Structure formats: C-alpha cells, structure tokens
Amino acid sequence: DMFQTARTLCWQDKTTEEIPLLNQVLKSIQTRGKNYWKDIWNRASKKPGGAFFVLFEETESAKEKIIGITDVFFRVSAEQVPYASFEGSHILSPYRGRRLADLFYEARINYSSLHRDCPFAIVNIRRNNIASTQAAERNGFSVLGIVENLSDASKDILQLSYDLNSVRNPKPTPGNDG
C-alpha cells in the first residue's frame, strides 16, 4: 500500500530529492481524512492509539514539503507488559545533522506518556547507526541490550528504553518546590 511504499522509499533515501509518494500520503490524509489513516495504524498496532508523525518544511511557494516521518505503536511484551514502540524514523538526507530527530522524540514521548498503562518506550537502532543512537540517548533513552544478528554483525540491534513515568511524574528540581 502507499503508506508502506512511502516508508520504504524514505528509508532508501540517498538523494536530495523530495519523495513524491510521501506527498501522496499527505494528499491522501487531506482528502480521506485522518480517521482513514488512524484505522490503518490501529490495525497495525496490537493496541489502538498508534500515531504517525510527519515533519514538514514550508517552502517559498507556501507548499509543504515532507522532510521526515516517524511513528509509534503500542505493543505488549512476552511478559504481557504494554509498551510504546518507536519505529520507522527517517529524515531526508539534506536535513540530517540539525537535531530534527529531537522533535520526533519529543512528540512520541509526549504522545506515549498519555497512555497511562504503558510504563516505558522502546526504540531499536542498528548498532552501527551512531547518529541515531546519540539522538536516542540525548533524549533520555538508555541501552537495555544488544540483539545480535548471527549472519551479519552490521545488522546487530541496540535496544534502548525510556521510562515514560518520568514524564508523567517528574522529579522536583532543587530550589523548585512546585
């Protein structure tokens, strides 16, 4: 479908060109309405309420250009503990290095913290993706462990976790009694 195709193209981005299918997704959201995509995301998630975030750049012609995508799904662990799974992030090549990923982390953390039954969020990042690992750590994630790919070490995955309760119940800072 168009959603998966757009994500795949975005992940394969190696040029400075805009990805036309991402703009088709935007147009589809505008014409079909948000509920159309909400239903698709809810079916893809084990728990309703997943979200898809899009980062836009306003151009001189006042047209919006999609420059990044990400999503969050709600899953249940093998131990039956619900968690937020941060997935599918991508920022187009010419926009990288500007810490735009921090906007995605902020949006997903705030959105996920609204789901009170989710105590934590997980993000899986390829072990050799230093920039993404630094972005996750800069935004409060800590390494849980490594999922090794026995056939290809370049595909080893770092699993990082974030305590969503730290957003819901922030600790008071010294000198600020609230």
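Structural notes, computed from the coordinates. Quick caveat: nothing in here was measured; it's all calculated off a predicted structure.

### What to know about the overall build of the protein
Part 1 of the argument: Each helix and strand in the protein was counted, giving six helices and six strands.
Part 2 of the argument: Helices and strands in the protein line up, N terminus first, as α-α-α-β-β-β-α-β-α-β-β-α.
Part 3 of the argument: Split into buried and exposed, the 178 residues of the protein put 39% on the buried side.
Part 4 of the argument: Considering only contacts within the protein whose residues lie at least 6 apart along the sequence, 56% involve residues at least 24 apart.
Part 5 of the argument: Of the accessible surface of the protein, which amounts to about 10,800 Å², a share of 50% is contributed by carbon and sulfur atoms.

### Some thoughts on the environment of Phe56
Part 1 of the argument: Within the element layout of this structure, Phe56 appears in strand β1 (residues 47–58).
Part 2 of the argument: The class for Phe56 is partly exposed, based on a relative accessible area of 32%.
Part 3 of the argument: A C-alpha to C-alpha distance of 5.5 Å links Phe56 and Ile67, two positions 11 residues apart in sequence.

### Quick look at the nonpolar core
Part 1 of the argument: Counting residues in each nonpolar core, the largest one holds 18 residues, and the members touching the most others are Phe86, Tyr105, Val123 and Phe141.
Part 2 of the argument: Formed by seven residues, the second largest nonpolar core is a distinct cluster that contains Leu55, Ile67, Ile91 and Leu92.

Definitions and cut-offs
Residues numbered from 1 in each chain as written. Predicted model: local features only at pLDDT ≥ 70, side-chain atom pairs only at ≥ 80, totals over all residues. Heavy atoms only, no water. Helix = DSSP H or I, 4+ residues; strand = E, 2+ residues; numbered from the N terminus. Buried < 20%, exposed > 50% of the residue type's maximum accessible area, 1.4 Å probe, protein only. Contact = heavy atoms within 4.5 Å. Areas by Shrake-Rupley, 256 points an atom, 1.4 Å probe, with all protein chains shown as cover. Core = buried A, V, L, I, M, F, W, Y, C linked by side-chain atoms within 4.5 Å.

The analysis is restricted to geometry; functional conclusions fall outside its scope.
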